[in-house]
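Residue-level structural notes
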Amino acid sequence: QVQLVESGGGLVQPGGSLRLSCETSGSIFSIYYMAWYRQAPGKLRELVAALTSGGSTNYADSVKGRFTISRDNAKNTVYLQMNSLKPQDTAVYYCNAGLKVNRLGNVDDYWGQGTQVTVSS
């Protein structure tokens, strides 16, 4: 089955950097989009960054200029480079992807299990 596995989370001080990775596994015919969401306790899950197969990007206003989403097509892996981190960035970060598992199927939405990012001094 298709799986999305995030890694790279952890504890970092304000102003520091982290690089999150999301690796897909299983048989995937094509990737239509990949994205990062985050959810803090008691808050709604929000879109952080998105990347289409054509290279278009979309960022939340709160992370523009600080975060960068990128993709390694050969590895079916998406990254989120997070710089100048703030305590407000503390959340569980989830990888999200729109995938076709075969050419006859629909584009379905998949989620990873999440990785914790904590920004604190």
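Scroll up a little and you will see the structure.
The structure contained in this document is the topic of the report that follows. Once a new chain begins, its residue numbering starts again from 1 and follows that chain's sequence as written. Two thresholds apply to this predicted model, a pLDDT of at least 70 for residue-level local features and 80 or more for giving and counting side-chain atom pairs, whereas whole-chain, interface and lining totals are computed over all residues. Remark: hydrogens and water are excluded; side-chain values derive from all non-hydrogen atoms of the structure.

1. So, the side chain of threonine 77
The line we're drawing: Numbering of helices and strands runs from the N terminus, with a helix taken as a DSSP run of H or I at least four residues long and a strand as a DSSP run of E at least two residues long. Any residue under 20% of the maximum accessible area for its type is buried, any over 50% is exposed, and the rest in between are partly exposed; the area is computed with a 1.4 Å probe on protein chains only. What qualifies as a polar contact is a pair of N or O atoms within 3.5 Å, subject to a donor-acceptor requirement within protein and to the restriction that residues adjacent in sequence count only when both atoms come from side chains. The contact rule is simple, with two residues in contact once any of their heavy atoms fall within 4.5 Å.
Tracing the sequence through the fold places threonine 77 in strand β8 (residues 77-82). Assessed through its relative accessible area of 6%, threonine 77 is described here as buried. Polar side-chain contacts of threonine 77 include one of 3.0 Å to the backbone oxygen of lysine 75. Dropping the residues within four chain positions of it, threonine 77 is found in contact with Ser21, Cys22, Glu23, Ser70, Arg71 and Asp72.

2. What about the nonpolar core?
Most often, soluble globular proteins keep nonpolar side chains buried together rather than apart. Threshold: Nonpolar core, defined: a set of buried Ala, Val, Leu, Ile, Met, Phe, Trp, Tyr and Cys residues in which side-chain atoms within 4.5 Å join the residues together.
Judged by nonpolar contacts, the single largest core of 30 residues is most densely connected at Trp36, Leu80, Met82 and Tyr93. Mapped by element, the contributors of at least two residues to this core are β3 (18-25), β4 (30-39), β5 (46-52), β7 (67-72), β8, β9 (91-100) and β11 (115-119).

3. Regarding the sheet that holds strand β1 (residues 3-7)
To keep it simple, the criterion reads: Only strands that DSSP links by at least two bridges are regarded as paired with each other. Where helices are involved, their axes are fitted lines through C-alpha atoms of the stretch in contact, as for all axes, and angles between N-to-C directions lie from 0 to 180°.
Spatial ordering of the open sheet is given by β1-β3-β8-β7, a layout of four strands whose pairing is antiparallel. For this open sheet the edge positions go to β1 and β7, each flanked by a neighbour on one side alone. Strand-to-strand twist across the sheet, computed as the mean angle between neighbouring axes with direction ignored, equals 15°. Two strands pair when backbone bridges link them, and β1 and β3 are joined in this way by five bridges, in the antiparallel orientation. Residue pairing in the sheet places valine 5 in a bridge with glutamate 23 of β3.

4. Observations regarding the pattern of salt bridges
Spelled out, the test is: Put simply, a salt bridge is a Lys or Arg side-chain nitrogen that is within 4 Å of an Asp or Glu carboxyl oxygen.
A complete count under the given rule lists four salt bridges for this structure. The closest approach of N and O atoms between aspartate 89 and arginine 38, which form a salt bridge, is 2.9 Å. With a gap of 51 residues between them, aspartate 89 in the loop between β8 and β9 and arginine 38 in strand β4 connect regions that are remote in the sequence. Classification of aspartate 89 as buried rests on a relative accessible area of 2%. In the salt-bridge network here, residues are joined through shared partners; they are Arg38, Glu46, Arg66 and Asp89.

5. Comments concerning the state of the cysteines
The criterion, for reference: Cysteine sulfur atoms that pair up within 2.5 Å are treated as a disulfide.
The full count for this structure, using the stated rule, is one disulfide. The disulfide that involves cysteine 22 links it to cysteine 95, with 1.9 Å between the sulfurs. Here the S-S torsion is close to -85°, and the disulfide linking cysteine 22 with cysteine 95 is therefore left-handed. Within this pair, whereas cysteine 22 is found in strand β3, its partner cysteine 95 is found in strand β9, the two being separated by 73 residues in sequence. Judged by its relative accessible area of 0%, cysteine 95 falls in the buried class.

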